[in-house]
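Residue-level structural notes
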Amino acid sequence: MPKDAAVEEFAGLVRALKARDGRSYEALGRRLSVSASTLHRYCSGATVPEEFAVVDRLALLCGTDEEERRALEAAWTEADRARRRAAPPAPTPVPAVSESNPEPTAPDPSAQDPSAADPSAPEAPRARPRRGASAPLLVAAAVALVVLAVAAVLLGPTPTVSAPAPASTAPGRSAAALPFTWSIGSQLWESGCGHTYLVDRAPRAIAPPPVAADSGAWAGTHGAVHGGEALVRITVQGRSPSDAVVLHALHVRVVDRAAPLPWNAYRMDSGCGGAVTPRHFAVDLDRPRPLARPVDGLDASGDEVRKIPAVSFPYKVTSSDPEELLVSARTAGCDCRWNLELEWSAGDRTGTVRITDGGKPFRTSGTRGRPAYVHDSAEGRWITDSDSGQTG
């Protein structure tokens, strides 16, 4: 299927759902926690959602059955593949260049061999002996196999030991025993348009900024860290349509503090429109005990900016009524690693879920005083930002 055909097919399904719901882009986008302009881009095929979750919520709101949702997810999968095929290829790795060492350095062996960086990592598979290996080695190997076979007969079968059940079914997702599921998005941009990353590379070693949907791959390729602010979206959905799960509180735990990273700051800007930010929690990581403080959200999807009053805990979620929480964690004075903890109850059950970035703490570093760059698309290169002294 041509790449554009897959995107158009998916966009047609989204348009049909929007028409079935009957609400305006603004009203429906507010319910889905996306801007009206973003929802319009989904319907027109101008862009494809990075995650299926937002489309799944739209399907639930429109009362689709399981078969329709499966067809919608299959269409999104094909459209997402088409989007990735159309995206520019990942940049060729460039020798690391830092301010303290402007000359390219040799590649870090640990980047090629994970076991070099982590002694506990499993040993890499050894290469097969090449043809012409010495006869004594082959004879020794054969003798070892015979000894092992005899030992197995004498000792009997080895007892089977069951590994403990994993704490989670996948990075960023909750265990099956919980009465709800949760997922996160940790590479979000302000209003879906702008963000700052810190990277320990010179401008000539940095690829052009990606679109927001591809920010995770770009950040991973460059070893980037959120600069000044990190946005984390938590989507929580109950497993039952009738038995509600109550979300009571969201706590912030800073697990490590260090001086801000002395890296260059690179500012992303895709030049798109406004966004809607309900259920918005602001976190000041520079405080001794940071709190997730509910603040007013903003709906800037039209010509005017509307305030969405802050709503604090508790929240209720079911399978048909999910909830989305947006955490904005800022710092000017530290390189902070931090986690979130979500308190919940369901009937006579209570618990706390630790929310991490794929098993690792989230990370945010201040950018004040760091050299800052923006990308000049006309010249195809990064240039110094005139406001570099104001970052962070």
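Residues numbered from 1 in each chain as written. Predicted model: local features only at pLDDT ≥ 70, side-chain atom pairs only at ≥ 80, totals over all residues. Heavy atoms only, no water.

**Focus on the overall build of the protein chain**
Test applied: Helix and strand labels come from DSSP, where a helix needs a run of H or I of at least four residues and a strand needs a run of E of at least two; each type is numbered from the N terminus. Using a 1.4 Å probe on the protein chains alone, a residue whose accessible area is under 20% of its type maximum counts as buried, one over 50% counts as exposed, and one in between counts as partly exposed. Should any heavy atoms of two residues lie within 4.5 Å, those residues are counted as being in contact. In this description, accessible areas are obtained by the Shrake-Rupley approach with a 1.4 Å probe, and a residue is regarded as covered only by the protein chains that are shown.
Across its full length, the protein chain carries nine helices and 17 strands. Across the 392 residues of the protein chain, 40% fall into the buried class. Long-range pairs, those at least 24 residues apart, make up 74% of the contacts in the protein chain with a sequence separation of at least 6. Accessible surface for the protein chain amounts to roughly 22000 Å². Of this, 55% is attributable to carbon and sulfur atoms.

**Observations concerning the sheet that holds strand E8 (residues 293–295)**
Rule in force here: A pair of strands is considered paired only if DSSP assigns at least 2 bridges between the two. The angle between two axes is taken between their N-to-C directions and runs from 0 to 180 degrees, where each axis is a line fitted to C-alpha atoms and a helix contributes only its stretch in contact.
Strand order in this open sheet of five strands is E1-E4-E12-E7-E8, and the pairing throughout is mixed. Every interior strand has two partners, whereas the edge strands, strand E1 (180–185) and E8, have only one. Between one strand axis and the next, the sheet turns by 30° as a mean value, whatever way the strands run. Where strand E4 (residues 229–238) lies against strand E12 (residues 323–330), eight bridges are found, and the strand directions are antiparallel. When the sheet's bridge partners are listed, Ala 230 is paired in E12 with Ala 329.

**Side note on the pairing of strand E2 (residues 194–199)**
The buried count for E2 comes to five of six residues, which makes it a mostly enclosed element. Both E2 and strand E6 (residues 264–269) contribute to a ladder of six bridges, which runs antiparallel. What sits directly across from Val 199, in E6, is Asn 264.

**Things to note about the packing of aromatic side chains**
The description of an aromatic ring pair rests on the distance of the ring centres and on the angle between the ring planes. Applied cut-off: When the centres of two rings from Phe, Tyr and Trp lie within 6.5 Å, Trp using its six-membered ring, the rings pair. Their planes under 30 degrees apart give stacked, over 60 give edge-to-face, and anything left gives tilted. Here, a charge over a ring is recorded when the distance from Lys NZ or Arg CZ to the ring centre is within 6 Å and its angle to the ring normal is within 35 degrees.
Here the structure, examined in full by the defined rule, presents eight aromatic pairs. Aromatic pair Phe 313 and Tyr 315: ring centres 4.8 Å apart, planes at 45°, arrangement tilted. Among the aromatic side chains, those forming a connected cluster through ring pairs are Tyr 266, Tyr 373 and Trp 382. Across from the ring centre of Tyr 25, 4.2 Å away, lies the NZ or CZ of Lys 18, which sits over that ring.

**Looking at the confidence of the model for the protein chain**
As a general rule, the predicted coordinates of low-pLDDT regions are not to be interpreted in detail. Applicable threshold: pLDDT expresses, on a scale from 0 to 100, how confident the predictor is about each individual residue.
Per-chain confidence: the protein chain averages 76 in pLDDT, with 69% of residues scoring 70 or above. Averaged pLDDT values for the elements of the protein chain fall to 42 in helix H7 (residues 114–117) and rise to 97 in strand E15 (residues 362–365). Here residues 93–135 is a poorly scored stretch, pLDDT under 50, and it has 25 contacts once near neighbours within four places are set aside; other chains count. Between residues 387–392, whose pLDDT stays under 50, and residues either more than four places distant or in other chains, the model counts 14 contacts.

**What about the packing of helix H2 (residues 25–32) against helix H4 (residues 53–61)?**
We count it as follows: Between 65 and 115 degrees an angle is taken as roughly perpendicular, under 35 as roughly parallel, over 145 as roughly antiparallel, and anywhere else as oblique. Note on convention: near helix rotated counterclockwise from far helix by under a right angle means a left-handed crossing. Clockwise means right-handed.
Packing of H2 against H4 leaves a shortest axis separation of 10 Å and a crossing angle of 110°. Classified by the angle between their axes, H2 and H4 sit roughly perpendicular to one another. Like other packed secondary-structure pairs, H2 and H4 cross with a definite hand, here right-handed. Seen from H2, the contacting residues are Leu 28, Arg 31 and Leu 32; seen from H4, they are Val 54, Arg 57, Leu 58 and Leu 61.

**What about the nonpolar core?**
The criterion, for reference: We call a set of buried residues a nonpolar core when its members are Ala, Val, Leu, Ile, Met, Phe, Trp, Tyr or Cys and they connect through side-chain atoms within 4.5 Å of each other.
Of all hydrophobic cores here, the largest spans 32 residues; its most connected members are Ile 234, Leu 247, Trp 338, Leu 340 and Ile 355. When contributions to this core are tallied by element, the ones reaching two or more residues are E1, E4, strand E5 (245–258), strand E7 (280–284), strand E11 (315–317), E12, strand E13 (335–346) and strand E14 (349–355). Here the element with the most residues in this core is E13; it accounts for six residues. Other than its neighbours up to four places away in sequence, Leu 340 contacts Ile 234, Leu 250, His 251, Val 252, Val 327, Val 353, Arg 354, Ile 355 and Phe 362. Of all hydrophobic cores here, the second largest spans 23 residues; its members include Leu 32, Leu 58, Cys 62 and Ala 82.

**Quick word on the environment of Tyr 197**
As for its placement among the helices and strands, Tyr 197 is situated in strand E2. Judged by its relative accessible area of 1%, Tyr 197 is buried. For the pair Tyr 197 and Ala 372, spaced 175 residues apart in sequence, the C-alpha separation works out to 9.7 Å.

**Let's talk about the pairing of E4**
The side chains of a regular strand alternate, first on one face of the sheet and then on the other. Burial analysis of E4 places 10 of its 10 residues in the buried class, which makes it a mostly covered element. Here E4 shows two buried faces, one formed by Glu 229, Leu 231, Arg 233, Thr 235 and Gln 237 and the other by Ala 230, Val 232, Ile 234, Val 236 and Gly 238. Both E1 and E4 contribute to a ladder of six bridges, which runs antiparallel. Along E4, the bridge assignment pairs Phe 180 with Gly 238.

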